[in-house]
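As a plain string of letters, each chain reads:
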Amino acid sequence: MKKSVLLGAVAALAMMGSSAFAADVVGLITKTDTNPFFVKMKEGAQAKAKELGLNLQTFAGKYDGDNDSQVAAIESLISAGAKGFAIVPSDSKAIVPTIEKARKAGLLVIDLDTPTDPIDAVDATFATDNFKAGQLIGSWAAKTMGDKAKDAHIAFLDLAANQPTVDFLRDQGFMKGFGIDIKDPNHYGDEDDKRISGHDVTGGAEEGGQKAMENLLQKDPSINLVYTINEPAAAGAWQALKAAGKDDGSVMIVSIDGGCPGVKNVKAGVIGATSQQYPLLMAAKAMEAIAEFTKDGKKPEKTPGLQFTDTGATLITDKPVDGVPSITSDEGLKKCWG
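Residues numbered from 1 in each chain as written. Predicted model: local features only at pLDDT ≥ 70, side-chain atom pairs only at ≥ 80, totals over all residues. Heavy atoms only, no water.

Engineer: Would you explain the sheet that holds strand E5 (residues 124–127) in this entry?
Structural biologist: Backbone hydrogen bonds are what pair the strands of a sheet, in a parallel or an antiparallel way. Here six strands make up an open sheet; going across it, the order is E2-E1-E3-E4-E5-E11 and the pairing parallel. In this open sheet, the two edge strands, each paired with only one partner strand, are strand E2 (55–60) and strand E11 (309–310). In this sheet, E11 lies alongside E5 in parallel orientation, the contact comprising two bridges. Looking at E11, one finds that Phe126 is bridged to Thr309. Across the face of the sheet, helix H3 (residues 67–79) comes into contact with strand E1 (25–30), E2 and strand E3 (84–87) while running at roughly 180 degrees to E1. (Pairing = 2+ DSSP bridges. Helix = DSSP H or I, 4+ residues; strand = E, 2+ residues; numbered from the N terminus. Contact = heavy atoms within 4.5 Å. Axes fitted to C-alpha atoms, helices over the stretch in contact; angles between N-to-C directions.)

Spelled out as structure tokens, the structure:
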């Protein structure tokens with residue numbers, strides 16, 4: 001009888017021990033799993049989770065803007081008893097109710113890259129200062145064009161019709177840097193500056209960039225400056241310009257991301273300048289923050305003066321201008337991703 005009780009106690013302790021040492025579940029939810037930006041983000045999260053002994057579960061939408069898949073991913077993490085997760089929202093507003101549900105369930109929620117609307121819907125945000133990233137390329141473009149900037153014909157190749165935060169922040173940052181008056185700070189398309197040839201959406205993809213550029217060239221064949229939401233969209237814009245015989249240097253393209261293909265396009269002269277951001281760093285910091293929260297309940301601190309933790313942005317160009325700090329494409333290739 002005593003032996004049976006002893007064996008039962010040992011078995012119970014063994015079960016408790018296996019439970020106690022089970023790795024904490026954490027999550028990463030990105031917009032897609034095809035964009036190199038999110039691929040690198042996933043790599044950063046996986047490496048840091050492994051280092052910290054966390055059980056990382058990853059999810060991605062089927063396309064940029066796929067809110068339903070992100071809702072399902074959060075529900076799955078809640079059911080799995082996750083300690084927290086990092087998310088790049090496809091829809092900055094629509095995802096908020098599900099995020100609130102996760103926080104009420106005790107999960108730490110960290111936003112990456114694309115702030116939620118409102119930004120305090122999450123516990124913390126690790127992101128590029130997207131407005132600053134846009135402002136860098138806008139200032140560079142204005143100073144590079146010089147006196148010709150006042151007569152520019154500008155095409156805006158944006159992200160999506162629902163204008164998520166990352167979309168209007170980058171767009172309006174560029175406007176600020178270039179000297180265009182911003183109207184509604186949370187919405188683009190209402191400006192009255194005659195230099196704006198038009199806005200079109202790209203889905204952040206090369207195919208979308210090409211189509212948007214074709215549309216805007218039909219509207220204004222005199223376009224000589226192109227703002228693009230990211231470098232895949234810039235590559236598509238270049239294809240459209242090339243097909244129209246405008247690959248002769250008469251049209252300037254600026255962008256944001258700093259992925260290796262994009263930086264190579266700066267080196268090749270396809271993109272005049274791009275603002276590099278650091279997705280691997282964002283994801284690694286998120287995993288560290290969740291691990292720390294699990295241990296002592298401490299939440300990440302914001303960058304002083306900002307509503308989020310700034311993970312940095314660096315202008316990359318081989319044609320530097322006074323007053324706009326930058327690094328060369330060769331230097332950018334040492335820091336790029338994808």
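Past the structure itself, the notes keep going.
Engineer: In this structure, what is going on with the state of the cysteines? I would like to understand it.
Structural biologist: Working definition of a disulfide: a covalent bond connecting the sulfur atoms of two cysteines. Applying the stated criterion to the full structure yields one disulfide. Between the sulfur of Cys260 and that of Cys336 lies a disulfide, 2.0 Å long from S to S. Taking the sign of the torsion about the S-S bond as the criterion, the disulfide between Cys260 and Cys336, at about 90 degrees, is right-handed. With a gap of 76 residues between them, Cys260 in helix H9 (residues 260–268) and Cys336 in the segment after helix H11 (329–333) connect regions that are remote in the sequence. For Cys336, a relative accessible area of 16% gives the class buried. (Disulfide = S-S within 2.5 Å. Buried < 20%, exposed > 50% of the residue type's maximum accessible area, 1.4 Å probe, protein only.)

Engineer: I'm lost on the pairing of strand E4 (residues 108–112) in this one. Help?
Structural biologist: Remark: a regular strand shows side chains that alternate across the two faces of the sheet. Counted residue by residue, E4 has five buried out of five residues, so it is predominantly covered. The side-chain alternation of E4 yields two buried faces, one formed by Leu108, Ile110 and Leu112 and the other by Val109 and Asp111. Bridge analysis of E3 against E4 gives four bridges, and the strand direction is parallel. Note on E4: the bridge partner recorded for Ile87 is Asp111. Handedness of the E3-helix H4 (residues 96–104)-E4 crossover: right-handed. Here E4 runs beside E5; their pairing, made up of three bridges, is parallel. (Right-handed = clockwise from strand over helix to strand, strands pointing away.)

Engineer: Looking at this structure, I do not really get the environment of Lys31. What am I missing?
Structural biologist: With respect to the helices and strands, the residue Lys31 is situated in the loop between E1 and helix H2 (36–52). When its relative accessible area of 3% is taken as the criterion, Lys31 is described as buried.

Engineer: Just to check I follow, could you spell out the side chain of Thr228 for this structure?
Structural biologist: In this structure, Thr228 sits in strand E8 (residues 225–228). A polar contact of 2.9 Å, which involves the side chain of Thr228, links it to the backbone oxygen of Val254. (Polar contact = N/O pair within 3.5 Å; in protein donor to acceptor, adjacent residues only side chain to side chain.)

Engineer: Would you explain the packing of aromatic side chains in this entry?
Structural biologist: Here a ring pair, both rings aromatic, is described through the centre-centre distance and the interplanar angle of the planes. Taken as a whole, this structure holds six aromatic pairs when the rule is applied. Between the aromatic rings of Phe37 and Phe38, the centroid separation amounts to 5.4 Å while the plane-to-plane angle is 85 degrees, which identifies the pairing as edge-to-face. Comparing Phe37 with Phe38 shows no difference in burial state: the two are buried. Ring centres 5.6 Å apart and planes at 45 degrees place the aromatic pair Phe156 and Tyr227 in the tilted group. One end of the pair, Phe156, is in strand E6 (residues 154–158); the other, Tyr227, is in strand E8, with 71 residues separating them in the sequence. For Tyr227, a relative accessible area of 0% corresponds to the buried category. A network of ring pairs unites the aromatic residues Phe156, Phe174, Phe178 and Tyr227 as a single cluster. (Phe/Tyr/Trp six-rings, centres within 6.5 Å; stacked < 30°, edge-to-face > 60°.)

Engineer: Can you walk me through the packing of H2 against helix H10 (residues 279–296) in this structure?
Structural biologist: A packed helix pair is summarised by two numbers, namely the angle formed by the two axes and the spacing between the axes. Look at H2 against H10: their axes get within 7 Å of each other, and the N-to-C directions meet at 35 degrees. Like other packed secondary-structure pairs, H2 and H10 cross with a definite hand, here right-handed. Across from Phe37, Lys40, Met41, Gly44, Ala45, Lys48, Ala49 and Leu52 in H2, the residues of H10 making contact are Pro279, Leu280, Met282, Ala283, Ala284, Met287, Glu288 and Ala291. (Left-handed = near helix turned anticlockwise from the far one by under 90°.)

Engineer: Whenever I open this one, the sheet that holds strand E12 (residues 314–317) confuses me. Can you help?
Structural biologist: Overall, mixed pairing links the six strands, which are arranged E7-E6-E8-E9-E10-E12 in an open sheet. Two strands lie at the open edges of the sheet, namely strand E7 (196–201) and E12, each paired on one side alone. Averaged over all neighbouring strand pairs, the angle between strand axes comes to 15 degrees, with direction disregarded. Here strand E10 (residues 273–276) runs beside E12; their pairing, made up of four bridges, is antiparallel. Looking at E12, one finds that Thr274 is bridged to Ile316. Against the sheet, helix H8 (residues 231–243) touches E6, E8, strand E9 (252–257) and E10, its axis set at about 160 degrees to E9.

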